[in-house]
Amino acid sequence: MAQEPQDKTPPEPGSELSPTAREMRSAAPYMAAVWKLVGGAVVGVLGGYWLDRWWGTQPWLLVGLSLVGICVGFYAFLHEMTRLGKKR
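As annotated in an unreviewed UniProt entry, the protein chain carries the name ATP synthase protein I and comes from Stigmatella aurantiaca.

Participant: With reference to specific residues and values, describe the environment of Leu37.
Facilitator: Of note, Leu37 is situated in helix α1 (residues 19–55). Judged by relative accessible area, which is 27%, Leu37 ranks as partly exposed. Residues Leu37 and Gly69, 32 residues apart in the sequence, show an inter-C-alpha distance of 8.7 Å.

Participant: I'd like to hear about the packing of aromatic side chains, residue by residue, with values.
Facilitator: Inspection of the entire model under this criterion finds two aromatic pairs. When the ring of Trp54 is compared with that of Trp55, the centres are 5.5 Å apart and the planes differ by 20°; the resulting orientation is stacked. The exposure class of Trp54 is exposed, given its relative accessible area of 56%. Look at Trp55 and you get exposed, because its relative accessible area is 52%.

Participant: Help me get a handle on α1, residues and values and all.
Facilitator: For α1, built from 37 residues, the straight-helix expectation of 54 Å at 1.5 Å per residue is met to within 8% by its first-to-last C-alpha distance of 53 Å. Maximum bend of α1: about 45°, positioned at Ala28, with proline Pro29 one to four residues after it. For α1, the full list of buried residues reads Ala33, Gly40, Gly44, Gly48, Leu51 and Asp52. A positive phi of about 70° marks Gly56, the residue just after α1.

Parameters at a glance
Residues numbered from 1 in each chain as written. Predicted model: local features only at pLDDT ≥ 70, side-chain atom pairs only at ≥ 80, totals over all residues. Heavy atoms only, no water. Helix = DSSP H or I, 4+ residues; strand = E, 2+ residues; numbered from the N terminus. Buried < 20%, exposed > 50% of the residue type's maximum accessible area, 1.4 Å probe, protein only. Phe/Tyr/Trp six-rings, centres within 6.5 Å; stacked < 30°, edge-to-face > 60°. Expected span 1.5 Å × (residues − 1). Bend = angle between axes of the 7 residues up to and from the residue.

The structure is reproduced here in structure tokens:
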């Protein structure tokens, strides 16, 4: 009895996933970049709000740290997007 040759090539990574799961996996790096943008802004706003309440300097630290947080988040977002662009 002759045996049929077995395919020894490993399956492509992610081939066992559904099409929706593959799309979600390919979108993950872009979602991470967006979270860096949002996270920077949220940390700046919450930090400014907390320091304003602690030191009684309303609204100056909230405004200042919000701007810093938005700038840092935007920088991290652009840095991540250029890194992803170089990868392709």
